[in-house]
Structure formats: structure tokens, C-alpha cells
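# Tertiary structure, described
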Amino acid sequence: MKVMGAVDLRRDKDSSVVLVSPDSFPEAIKATIPSYPHLITITAVHIDGGIELIYSFDNLRGEMRNIIVRLPEKEASIQSISSYLKGSYIYEMEVRDLFGVNFLGHPIPSARLLLPDSYPTNAPPPLLKTVSLEQLSRILDEAQRQEPPTMLTPVTGSSRYSVESLVILPFGPYHPALKEPEHFAIALEGERIVEAMPRIGYVHRGIEKLAENRTYLQVLFLVERVCGICSFHHSWTYTMAVEKLLGITPSKRAEYLRTLVAELERIHSHTLWIGLLGYWSGFDTMFMWLWSARERIMKLLEMIAGNRVNKSFITIGGVRRDVSDEKLKIILREIAEFEREFRKITDEVMSYDPLIERVRGIGSYNAETAILSGAVGPVLRAAGIPYDIRKIEPYGAYPEISFNVITGSRGDVLSIADVRVRETFESIEIIRQVIEKIPSGNPVPPTFFTGGGRDGEAIARTEPPRGELYYYIRGRTGMKTPYRVKIRTPTLPNLVLASEALKGYTLSDIPLILTMIDPCFSCEDRAIVYVGRRDPFIVKLHRTPPREISGGCTL
């Protein structure tokens, strides 16, 4: 039986896979893009003495095409496709950092995206199978003893500007407008932004490397910590890919309960974002109103799962606990109260002229720019593209639920806000249908899956609040751990669009334009802790906590 929302990369007839040689690769890409304009991501796998690159495309209607090309491990290089699809440059930088592949003709040929600037150029890329965690630990320990960059040192990516009329302004990584550390090299001509280049990796956690050293069940709890807002969607997407790889089918009640939690997560995320819009626009009361209303949803999640953030509700083959009929009635009652309160607030704020004037026309972009940038989620739908994985590649209970895909028409901060408000009301209706139609039965598997993998690979996609989330799993028979886990979060492609949307606006608009994509930079990065008090700039990866903190446990 097919696991909805997941595909077997090599054998599923619904997935189109094309194997090409490096020589014929450019022609294959040029032939693919007109019909499949959305590049989901580039997945690299170090296997059988080479680097396998999987370019995953979608035709914006849920039909995928995967172009696979194999490169030698040493001096691996291939043509960049950024001249065809602008958004591909950030995926190529990620693969270059983590696997050492050189992309010929890349617009930023030497800058790093994820790895620290002090990572030795002669050190092996961290995601090669020949690099152990212990070896990587030694490399990073040594790298962090190097002198940190000073304010006079050109920041990565900015040194390519040399025109005297331009001023390069470093924005971040630590700035009051950024809730998480990220750097943007902002090129200004007068007060106008002419280019913005993101630099991520300040809190990169290396989760993909860690996942290769944990069992399938342990990885479930690891990926849940990729994001504190859409933690359930990460665990659900990973679980779908594993279930497809292993041929496990959850019960229908489990699928309905998964959908219920996912939509509650969407409501609390959208409400949080709309509140932040008020905060960055200078309307703190709006922020307080919406975050107060959101608290009702957080309490429902706590009632269902026992936790508000990392819910640990799902497991491979089902869910970890059932939800009683009494609790379902409470959810119906509370969701009605939330709807009444949310409607009253949004009716007020979305008709408040000072707010509308502040956000209308800010960060404007059109559908073509959004597609070429690889944008996903409400950001793409606000430009009129009805790309929603719940509808085009339905999973969970969505095939049996009636709902509309909300779109806008102009692509700016106001349009995105309008999409998120209407999507919140749509989620409320989805929850009502889920509770009305939920079948009986036991959603909890008799035993938790603790086995290993088998030869094969699978892709799963879901639609979290920020947009399409992609997981790739590769397994091997006899291995207790996944051979490869690839994660593409929605913030990464949306960051490319935000950089494009900043052009032509002023510094004062940066917080609003960055906020419009609902960025979650920590989805891409790794945790750090300070070591030593003499130099506050030196940080160390949180790999093995002190025994007095960990109680003897090792991460």
C-alpha cells in the first residue's frame, strides 16, 4: 500500500528518475526546466567511491523528476545551473561546503555558506563517509582556535564588490532585527539596497551527520529538534520517508491524529508570525493580542502530546498515544473560541490603515521571481501560485478532507499576511472535519520500531506552516542506522527570494522583508556553547557536554 506523500525514488512509477552522465548533464537540465520549473533541492550522497547528486524538480502540480549524476570522489566538479534557476546557487553552496563538489560557473565561486571561515581548506568535507565524527571533532576544535574575523576583515561574499559608489553594510549576524544569528552583506547605493547576500551557518548543528550515527528510532527524536515551531512536521516527514523505505503502513486513525496535530501547529505558527508582523511594524498591541490568542492553541498541543514544542507524538508506524473522545470535544470547543477571538483581532488589524500603509508594496516580487528563486509556502502562494503539498501530493488524512489552497495576487508583505490569515481559518475547518471523520481503532503500534534499514531510498514531502519540507532517506540492508538523511527546510529557498525582494528598498525595510518569509535560521544551523571567558568570540560545538551537565550521557 502506498504511503501517501512519500515516493520511492527508484522504483515508484509516479516518480520520474533520469540518470545522466556529467557530459550530458547541462542538456538534461535545460530540457527539464521548462516542464519542471521548481527545483526542490540538490541531494548529495557519498556512495561506492563517488558522489551522487540528485536534482529533484517539481512541475508545480506534484509530479517530480529526479536527475541523477555521478561524480568521482576526488576533484568532483560539475556545471552550475544557477544561470537557469537562480535559486540553485544556495543548494550548490551547501553541497560544495559539505561534500567538496566544485560547481563550474557558480556566481560566488569561493564563499562558504555553512562551514565556518576557519574550517581548513585542505580538510575533508564533513559529510563524506570517510570522515568520522571523531575526526570532524578534531578538525573543528583546531579550527576554532584560529583568530576570529575582526570588523575590518571582509565578510564572506562581500569582497566581490569593488565599485566605489557602493557601500557594503554588514547586517548581522547579531542584530536587534534578527531573532537568530545570520549575516547579510547589504550592498547600498545611497540609501537603496542593490544586492543582498546571505551567509548562514552560525548555529549549524550538523544534524544530517549525527543522523548517520543513530538508529532509525533515535533519529526521529533528533529531527524533531530541527525547528521549535514546526517540530511535528519534521518528525512526520522523516517518519513518512522511513515508512515508505521499510514498507510500513500506519492505521487510518493515526493518520487523522497526525493531521490534527499538524494543523494545530500551522495555526500557532501563523498566529505567531502575524503577531511578529505587528511587532516589526511598530504595533506592539497587535503583537500582544495575537500571542495571547495563540496560547489557547499551545495548551491544546500540551493536552494532546504532553509537550508544547517538541511533542514526541509520532512514531514509526503510528502515533505514541491515542486522543480520547473527551479531548476531541475539548479541541472543538477551544478551536471555536480561538476562531471567534482570532477573527475579531484580524478584522481590526487587517483594516487598520497605518498598518496597511506600512506593509503594502514592501518587498514586492512577482510569480516568476518566486519560482526562479525556488520559493515555497505562503510566500509562493501570495504571488498566485497554488503550490501546496497537502493538495498536490496529499498525505495523512488530507485525501479525505475538503479544503482550499489560499493564494494572493501581488506578492508583498501585505499579501503574505492576508494569505496566512485566511490559511488559519482554513486550518480551523480542516480540524473540524478531522474530528468529525476520524475513524475508530488503535493508532498506537503494538511495539515501537527498533529495527534496521534495507537497501533503497525514499523521499517524503509535507507542507509545514512555512512551506514545503523535504526529506530524503537512504538505507542499506544490515545497517541499524540510515545511510543518508537529507533535509531541505523551507527557509533556505525562501532566503533567496528575500534577498531578491530586498533590492530597491531601504535599510528601514529590512526587518519587514526578512520577516515576511517567516525565517527559521536555526533550521539550517548548529548549536554552539561558549568556552573560556577570556575571549567571548571563541565558541565550541556542543558535542560532548561536561559530565556535571550531562550526567554522564554523551550526545
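For clarity, every value in this text was computed on a predicted model and none was experimentally measured.

## Considerations on the confidence of the model for the chain
Any residue range with low pLDDT should be treated as having predicted coordinates unsuitable for detailed reading. A residue-level look at the chain finds 88% of positions with pLDDT of 70 or above and a mean pLDDT of 87. Throughout residues 151-162 the model reports pLDDT below 50, and contacts reaching past four residues in sequence, or to other chains, amount to 17 contacts. Scored below 50 in pLDDT, residues 526-555 shows 44 contacts in the model against residues more than four places distant or in partner chains.

## Side note on the sheet that holds strand S8 (residues 166-171)
The strands making up a sheet associate through hydrogen bonds between their backbones, and the pairing can be parallel or antiparallel. Read from one edge of the open sheet, three strands run S8-S9-S10, paired in antiparallel fashion. Single-partner strands in this sheet number two, and they are S8 and strand S10 (192-199). For this sheet, the mean inter-axis angle between neighbouring strands, taken without regard to orientation, is 20°. Relative to strand S9 (residues 183-189), S8 runs antiparallel, the two sharing six bridges. Counted as the bridge partner of Val 167 is Leu 188 from S9.

## Quick notes on helix H7 (residues 252-281)
Quick reminder: α-helices carry 3.6 residues per turn. Residues three or four places apart thus point the same way. With 30 residues, H7 should cover 44 Å at 1.5 Å per step; its first-to-last C-alpha distance of 44 Å lies within 8% of that length. Counting buried residues in H7 gives 28 out of 30 residues, a clear majority hidden from the surface. Note on H7: the residue one or two positions beyond its end, Gly 282, has a positive phi of about 95°.

## A short note on the pattern of salt bridges
This model, assessed by the stated rule, comprises 41 salt bridges. Linking Glu 52 and Arg 70 is a salt bridge whose minimum nitrogen-to-oxygen distance equals 3.4 Å. One end of the pair, Glu 52, is in strand S4 (residues 50-58); the other, Arg 70, is in strand S5 (residues 64-72), with 18 residues separating them in the sequence. Here Glu 52 falls in the buried class, since its relative accessible area comes to 5%. Arg 70 sits in the partly exposed class, given a relative accessible area of 36%.

## Focus: the side chain of His 183
Within the fold, His 183 resides in strand S9. Among the residues examined, His 183 registers a relative accessible area of 2% and is labelled buried.

## Side note on the packing of helix H6 (residues 231-246) against H7
Relative orientation of the contacting elements H6 and H7 amounts to 150°, with a least axis distance of 9 Å. You can see that H6 and H7 cross each other, and the crossing is left-handed. In this structure, H6 contributes Ser 231, Phe 232, His 233, Trp 236, Thr 239 and Glu 243 to the contact, and H7 contributes Glu 255, Arg 258, Thr 259, Val 261, Ala 262, Glu 265 and Arg 266. Split into classes, the residues belonging to the contact of H6 with H7 amount to four nonpolar, four polar and five charged.

## Considerations on the packing of aromatic side chains
Under the criterion given, the structure shown has 13 aromatic pairs. Summarising the aromatic geometry, the rings of Tyr 279 and Phe 287 are spaced 5.4 Å apart at their centres and angled 45° between planes, so their arrangement reads as tilted. Their ring planes at 85° and their centres at 5.4 Å tell us that Phe 283 and Tyr 352 sit as a pair that is edge-to-face. Of this pair, Phe 283 sits in the loop between H7 and helix H8 (284-305) while Tyr 352 sits in the loop between helix H9 (325-349) and helix H10 (353-359), and the two are 69 residues apart along the sequence. Of the residues examined, Phe 283 reaches a relative accessible area of 19% and is grouped as buried. Take Tyr 352: its relative accessible area is 42%, and that puts it in the partly exposed class. Chaining the aromatic ring pairs together yields one cluster made of Phe 232, Trp 236, Phe 313, Tyr 395, Tyr 398 and Phe 403. When the ring centre of Phe 425 is taken as reference, the NZ or CZ atom of Arg 343 above it lies at 4.3 Å. Over the aromatic face of Trp 273 sits the side chain of Arg 420, whose NZ or CZ is 4.3 Å from the ring centroid.

Conventions we followed
Residues numbered from 1 in each chain as written. Predicted model: local features only at pLDDT ≥ 70, side-chain atom pairs only at ≥ 80, totals over all residues. Heavy atoms only, no water. pLDDT = per-residue confidence, 0-100. Contact = heavy atoms within 4.5 Å. Pairing = 2+ DSSP bridges. Helix = DSSP H or I, 4+ residues; strand = E, 2+ residues; numbered from the N terminus. Axes fitted to C-alpha atoms, helices over the stretch in contact; angles between N-to-C directions. Expected span 1.5 Å × (residues − 1). Buried < 20%, exposed > 50% of the residue type's maximum accessible area, 1.4 Å probe, protein only. Salt bridge = Lys/Arg side-chain N within 4 Å of Asp/Glu carboxyl O. Left-handed = near helix turned anticlockwise from the far one by under 90°. Nonpolar A, V, L, I, M, F, W, Y, C, P; charged D, E, K, R; others polar. Phe/Tyr/Trp six-rings, centres within 6.5 Å; stacked < 30°, edge-to-face > 60°. Lys NZ or Arg CZ within 6 Å of the ring centre and 35° of its normal.

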